[in-house]
Amino acid sequence: MSPDLRKPGSVRSAAVVNAEIRALWARSGGRLSAVDEAEYQRLLVEWASAVKAASARDGEVPDAA
């Protein structure tokens, strides 16, 4: 789903974002173009937010490292 179509503040699960990251790498054959690299960086930020949100929901404090 395009991030432009999601409601502000909505967070996809880390598993969903991780699957999208894996698909991006599979499509790219292991070499990211500049456009793919930008998408990868955006997905990493989204994945980290999803992990943090899941930890907060579960009452856990995410590791700082």
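Computed from a predicted model, the values in this text were never measured in an experiment.

K.L.:
Go over the packing of aromatic side chains, please, and point to the residues and values.
P.N.:
Two measures describe an aromatic ring pair: the distance that separates the ring centres and the angle between the ring planes. Throughout the structure, instances matching the rule amount to 1 aromatic pair. Considering the side-chain rings of W25 and Y40, the 5.4 Å spacing of their centres and the 80 degrees angle between planes classify their relative orientation as edge-to-face. One end of the pair, W25, is in helix 1 (residues 14-28); the other, Y40, is in helix 2 (residues 34-57), with 15 residues separating them in the sequence.

K.L.:
Please provide a residue-by-residue account of the nonpolar core, values included.
P.N.:
If you look at the biggest cluster of nonpolar residues, it comprises 5 residues: V17, I21, L24, Y40 and L43. Those elements that place two or more of their residues in this core are helix 1 and helix 2. Element by element, the count of residues in this core is highest for helix 1, at 3 residues. Residues contacting Y40, with those up to four places away along its chain left out, are I21, L24, W25 and L32.

K.L.:
How would you summarise the side chain of R12 if you had to cite specific residues and measurements?
P.N.:
You can see R12 is positioned in the segment before helix 1. Of note is the side chain of R12, whose polar atom sits 2.7 Å from the side chain of E20. A distance of 2.7 Å separates a polar atom in the side chain of R12 from a polar atom in the side chain of E46.

K.L.:
Break down the pattern of salt bridges for me, citing the residues and quoting the values.
P.N.:
Taken as a whole and assessed by the stated rule, the structure comprises 5 salt bridges. Notably, a salt bridge pairs E39 with R42, separated by 2.8 Å at the nearest N-O pair. Residue E39 and its partner R42 are both found in helix 2; the two are separated by 3 residues, about one turn of the helix. On the accessibility criterion, E39 (27% relative accessible area) is partly exposed. By relative accessible area, R42 is classed as partly exposed at 25%. Residue R42 is joined to E46 by a salt bridge in which the shortest nitrogen-to-oxygen separation is 3.0 Å. Here R42 and its partner E46 are both found in helix 2, 4 residues apart, which amounts to about one turn of the helix. Accessibility expressed as a relative area gives 10% for E46, which makes it buried.

K.L.:
Now, about the packing of helix 1 against helix 2: what can you tell me, with residues and values included?
P.N.:
Between helix 1 and helix 2, whose axes approach to 9 Å, the crossing angle comes to 160 degrees. Classed by the angle they form, the pair helix 1 and helix 2 counts as roughly antiparallel. You can see that helix 1 and helix 2 cross each other, and the crossing is left-handed. Of the residues in helix 2, those in contact with A14, V17, N18, E20, I21, L24, W25 and S28 of helix 1 are D36, E39, Y40, R42, L43, L44, E46, W47, A50 and V51. Classifying every residue of the contact of helix 1 with helix 2 by side-chain character gives 11 nonpolar, 2 polar and 5 charged.

The rules behind each value
- Residues numbered from 1 in each chain as written.
- Predicted model: local features only at pLDDT ≥ 70, side-chain atom pairs only at ≥ 80, totals over all residues.
- Heavy atoms only, no water.
- Phe/Tyr/Trp six-rings, centres within 6.5 Å; stacked < 30°, edge-to-face > 60°.
- Helix = DSSP H or I, 4+ residues; strand = E, 2+ residues; numbered from the N terminus.
- Core = buried A, V, L, I, M, F, W, Y, C linked by side-chain atoms within 4.5 Å.
- Buried < 20%, exposed > 50% of the residue type's maximum accessible area, 1.4 Å probe, protein only.
- Contact = heavy atoms within 4.5 Å.
- Polar contact = N/O pair within 3.5 Å; in protein donor to acceptor, adjacent residues only side chain to side chain.
- Salt bridge = Lys/Arg side-chain N within 4 Å of Asp/Glu carboxyl O.
- Axes fitted to C-alpha atoms, helices over the stretch in contact; angles between N-to-C directions.
- Parallel < 35°, antiparallel > 145°, perpendicular 65-115°, else oblique.
- Left-handed = near helix turned anticlockwise from the far one by under 90°.
- Nonpolar A, V, L, I, M, F, W, Y, C, P; charged D, E, K, R; others polar.

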